[in-house]
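# Tertiary structure, described
Okay, here's what each chain looks like letter by letter:
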Amino acid sequence: MERTPTARSVGPVRWDRLTLGIGLSYALLAWSMGYGAVLPELRDDLHLSASVAAAHGSLFGICLLVFATVGRRALARASNRSMLVFSVAGMFGGGLLFGTGTSAPMTLLGAAIAGAGSACLVIVVPAVVFAHQPDAATQTMAVLNTFPMMSAVLLPLVVGLAIAMELTWRAAYLAPLVLIGAAVVFTAGRAAVPAPLHAEPIDLRALFRVPLFARRWAALACGVLVEIGTGIWAASIMAKLGGASKGTAAMLTIGFFLGMGVGRIALAGVLRRHSGERVLTMSFIGVLVALVPFLLGPGLPGRVVGLTLLGLTLSAIYPLSISRMFELHTDTAALGRAAAIASGIGVTFGPLLLGTFSDVVGLGWATAVLPVFAVAGLLMIERITPA
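All of the points below concern the structure found in this document. Quantities reported herein were computed from a predicted structural model and do not represent experimental measurements. (Residues numbered from 1 in each chain as written. Predicted model: local features only at pLDDT ≥ 70, side-chain atom pairs only at ≥ 80, totals over all residues. Heavy atoms only, no water.)

Along the backbone of the protein there are 19 helices and 0 strands. Against the compact-globule benchmark of 21 Å for 387 residues, the protein has a radius of gyration of 19 Å, which places it among compact chains. The dimensions of the protein, computed from C-alpha atoms along their principal axes, are 55 × 45 × 35 Å. Put simply, the protein has 387 residues, and 59% of those count as buried. The contacts in the protein between residues at least 6 apart in sequence include a share of 85% that link residues at least 24 apart. Of the roughly 15,000 Å² of accessible surface on the protein, 70% is carried by carbon and sulfur atoms. Averaging the positions of the 25 positive and the 15 negative side-chain charges in the protein gives two centres separated by 4 Å. (Helix = DSSP H or I, 4+ residues; strand = E, 2+ residues; numbered from the N terminus. Rg over C-alpha atoms; globule rule 2.2 N^0.38 Å. Buried < 20%, exposed > 50% of the residue type's maximum accessible area, 1.4 Å probe, protein only. Contact = heavy atoms within 4.5 Å. Areas by Shrake-Rupley, 256 points an atom, 1.4 Å probe, with all protein chains shown as cover. Lys, Arg positive; Asp, Glu negative; His and termini not counted. Charge placed at Lys NZ, Arg CZ, Asp CG, Glu CD.)

It is worth spelling out helix α9 (residues 169–188) at this point. Taking 1.5 Å of rise per residue, the 20 residues of α9 would be expected to cover 28 Å, and the 29 Å separating its terminal C-alpha atoms lies within 8% of that figure. Of the residues flanking the start of α9, the one acting as N-cap is Thr 168, its side-chain oxygen 3.1 Å from the backbone nitrogen of Arg 170. (Expected span 1.5 Å × (residues − 1). Polar contact = N/O pair within 3.5 Å; in protein donor to acceptor, adjacent residues only side chain to side chain.)

Evaluation of the coordinates by the stated rule reveals 4 salt bridges. For Glu 227, the salt bridge goes to Arg 264, with nearest N and O atoms at 3.4 Å. Residue Glu 227 is found in helix α11 (residues 211–240), and its partner Arg 264 is found in helix α13 (residues 254–273); the two are separated by 37 residues along the sequence. In terms of burial, Glu 227 and Arg 264 fall into one category: buried. Among the ionic pairs, Arg 324 bridges to Glu 277, the shortest N-O distance being 3.9 Å. Of this pair, Arg 324 sits in helix α16 (residues 317–326) while Glu 277 sits in helix α14 (residues 276–296), and the two are 47 residues apart along the sequence. On the basis of relative accessibility, which here comes to 13%, the residue Glu 277 falls in the buried class. (Salt bridge = Lys/Arg side-chain N within 4 Å of Asp/Glu carboxyl O.)

The relation between two aromatic rings is expressed through the spacing of the ring centres and the mutual angle of the planes. Enumeration over the complete set of coordinates arrives at 9 aromatic pairs. Seen in terms of ring centroids, Trp 15 and Phe 147 are 6.2 Å apart; in terms of plane orientation they differ by 50°. Their pairing is tilted. Of the two residues, Trp 15 is situated in the segment before α1 (17–32) and Phe 147 in helix α8 (residues 147–164); the sequence distance between them amounts to 132 residues. Geometrically, the ring pair formed by Phe 98 and Tyr 173 is edge-to-face, given 5.4 Å between the ring centres and 70° between the ring planes. Of this pair, Phe 98 sits in helix α5 (residues 80–100) while Tyr 173 sits in helix α9, and the two are 75 residues apart along the sequence. Assessed through its relative accessible area of 0%, Phe 98 is described here as buried. An aromatic cluster is present here, built from Tyr 35, Phe 98, Trp 169 and Tyr 173 joined pairwise through their rings. (Phe/Tyr/Trp six-rings, centres within 6.5 Å; stacked < 30°, edge-to-face > 60°.)

So, to be careful, I would describe these as geometric facts and stop short of saying anything about function.
In structure tokens form, the structure reads like this:
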């Protein structure tokens, strides 16, 4: 069933308007849905419970699940270009509504619209990348996924500085949103978008009956759950468990996203020396090690170090898991929907489990879901084969 060895897809990235535009679109995704940096302020502004606040991030995952299942027929009729246009419009419009919303229904609606656009982007990009850069797909996916890390680094910094200067977080969120959206349109507005590669269609149920595919899919879901759960709640963990002020807590999350960016830039070089199974195994083990100081300290400095290491060790899991799934068949549309379901589960239940458990047993105990799913992801990796 396997289509092509991993090494073939780790060539050099060919930069053009489309590739850069996709990267900027990922940056728009991370900015429009960068709720983790603003959750403490949003909760104070609108007097939200932890579970309602977490629902903003979970809407992205719900949209992924809906689009990949009941919405698959509509997606099948849409071209790759129209899906990219819809995704950018949704992320931009939803971000505007979230940033200007003065009630929970308004901000949740904005999050839902941005989530729909983001879900569409996540579903279509792997198929576009494998058609546009088939000999550099893994490297391209890894490098493109550094763009959201840039947004994720800048957003808490900008929000933290705005709070320190006694400015509203809304202005700090909205102004760059407009700039990134304009940059996407200027860069890729007229770029040619390839159609999906010719493939023999396969039913999703047939894919899930293949044990190797099911394991790789489950590892992706677990990795996304830990990544998104951490990203959404990192600032709150730094504030509530580490004792940092809200502005400082937002800025301290920068290390997580810097670690993610560095790891993804280095991924292709690592894969030239080690197998995908080994890299993924070491990534999940590293996540478990990094979670100890992040969740337990000692003190705020220990948590900062743990969070940075957590970003570095998590960085390979999403792009590598996506590429490893796409190696198993030529129907990139079906594989994109399957990956979206895995991501949707992780995005939906990562923040939601932390938020719900936080309301019931407190944030300290709620964070136990992160190592549980890291262990589950590690167990899903197939046995390492000799090089």
